Amino acid sequence: MNSPQEFDHHKESYRSDIDKAIAFSGQSHDFFTRVKAEYIVELLREFANERGASSPDARPLDVLDIGCGHGHIHPYLVQSNVRMNLSAVDVAATVVEEARLANPTVNYQSYEGERLPYDDASFDAAFTIAVMHHVPPAQWPDFLQEMRRVVRPGGLIAIFEHNPINPLTQWIVRTCPIDENAVLLWSGQLSRLVAQGGFVDVTSRYILFTPLDGPRYRAFDKAIGWLPLGAQYYVSARAPKSS
Ligand SMILES: C[S@@+](CC[C@H](N)C(=O)[O-])C[C@H]1O[C@@H](n2cnc3c(N)ncnc32)[C@H](O)[C@@H]1O
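These numbers come from a predicted model, not from an experiment.

A tally of regular secondary structure across the protein gives nine helices and seven strands. By sequence separation, contacts in the protein at least 24 residues apart represent 72% of the contacts at least 6 residues apart. Split by element, the accessible area of the protein, about 11400 Å² in all, is 54% carbon and sulfur.

Written out as structure tokens, the structure is:
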């Protein structure tokens, strides 16, 4: 079973371990990070537009990244055209320190992995990438309840996970040292947990069908998001408007 702070021990080798495990794809960790950033920005933009927050005088979205690691995705988010105050939290305190140095405009915190260090209803949106498979399964419902607690009524959540159906994903998880204790979640299983956690409008989409880069391949990715063969997937949902 994972120790909460095990990523402190992987802090020097995190990116190179992943790059080694995915080398066969011809792409680096950064490619996969950038693609996920594009999906998150798209979700946030749709959410902001729905709330009429796209006008220049509307307030920026308060967004939380749970299990942010080194914050590799943060530059893509803060430089996007969605205005946001980005906060991020992780159980690995030394990793959070590195993220803070790299991204001075992001508000970082570390915590013990149980109660998130934020007041109820602090954020418009919260996302988490490749974290839940490191959380012991018995704690998955509590992890989701904490997401729900810190997101405002009607707020957006998005959970990105590895797709256990994809054989290359399975191979990467088996060979990557940071995934030694991972317990992968199926998309349907995660969607059910999210719905049981009281979220509404639960939807899921498979992503990263090809390691090829560029707009044509991204359009292909988006067109077949229903096909359960992408390397990863995400589940998005809304906190109910009233409890
Ligand atoms: C595979 S890394 C992903 C990091 C980052 N989200 C990314 O995509 O680059 C998993 C991260 O989850 C963190 N983590 C594990 N359990 C956690 C928990 N209960 N709450 C928050 N973070 C957790 C680890 O410390 C690690 O930084």
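Continuing now.
Among the structural elements, Lys36 can be located in helix 3 (residues 29-50). Despite its burial, Lys36 pairs with no opposite charge, the nearest such side chain being Glu161 at 9.4 Å. Sequence-distant contacts of Lys36, defined by excluding residues within four places in its chain, comprise Ile73, Ile129, Phe160, Ile207 and Gln232.

Once that is clear, we can look at the packing of helix 3 against helix 9 (residues 215-223). Where helix 3 contacts helix 9, the two axes come as close as 13 Å, and the packing angle between them is 60°. In this view, helix 3 runs oblique relative to helix 9, as classed from their interaxial angle. For the pair helix 3 and helix 9, the sense of crossing is right-handed. In contact with Phe31, Arg34, Val35, Glu38, Tyr39 and Glu42 of helix 3, helix 9 contributes Arg218, Asp221 and Lys222. Counted by class, the contact of helix 3 with helix 9 contains three nonpolar, no polar and six charged residues.

Here the focus is empty space enclosed by the protein. Throughout the structure, instances matching the rule amount to two cavities of 30 Å³ or more. The volume enclosed by the largest cavity comes to roughly 50 Å³. Elements represented by at least two residues in the lining of the largest cavity include exactly helix 3, strand 4 (123-129) and strand 5 (151-162). Space inside the second largest cavity adds up to approximately 40 Å³. Lining the second largest cavity we find Phe31, Val35, Leu208, Thr210, Leu212, Tyr217, Arg218 and Asp221. By residue number, the principal contributor to the lining of the second largest cavity is helix 9, which donates three residues.

Conventions adopted
Residues numbered from 1 in each chain as written. Predicted model: local features only at pLDDT ≥ 70, side-chain atom pairs only at ≥ 80, totals over all residues. Heavy atoms only, no water. Helix = DSSP H or I, 4+ residues; strand = E, 2+ residues; numbered from the N terminus. Contact = heavy atoms within 4.5 Å. Areas by Shrake-Rupley, 256 points an atom, 1.4 Å probe, with all protein chains shown as cover. Buried < 20%, exposed > 50% of the residue type's maximum accessible area, 1.4 Å probe, protein only. Lys, Arg positive; Asp, Glu negative; His and termini not counted. Salt bridge = Lys/Arg side-chain N within 4 Å of Asp/Glu carboxyl O. Axes fitted to C-alpha atoms, helices over the stretch in contact; angles between N-to-C directions. Parallel < 35°, antiparallel > 145°, perpendicular 65-115°, else oblique. Left-handed = near helix turned anticlockwise from the far one by under 90°. Nonpolar A, V, L, I, M, F, W, Y, C, P; charged D, E, K, R; others polar. 1 Å grid on protein atoms, 1.4 Å probe; cavity = no way out; pocket = protein on both sides within 12 Å on 5 of 7 lines; lining within 4 Å. Points joined across faces, edges and corners; volume = space filled by probe spheres on them.

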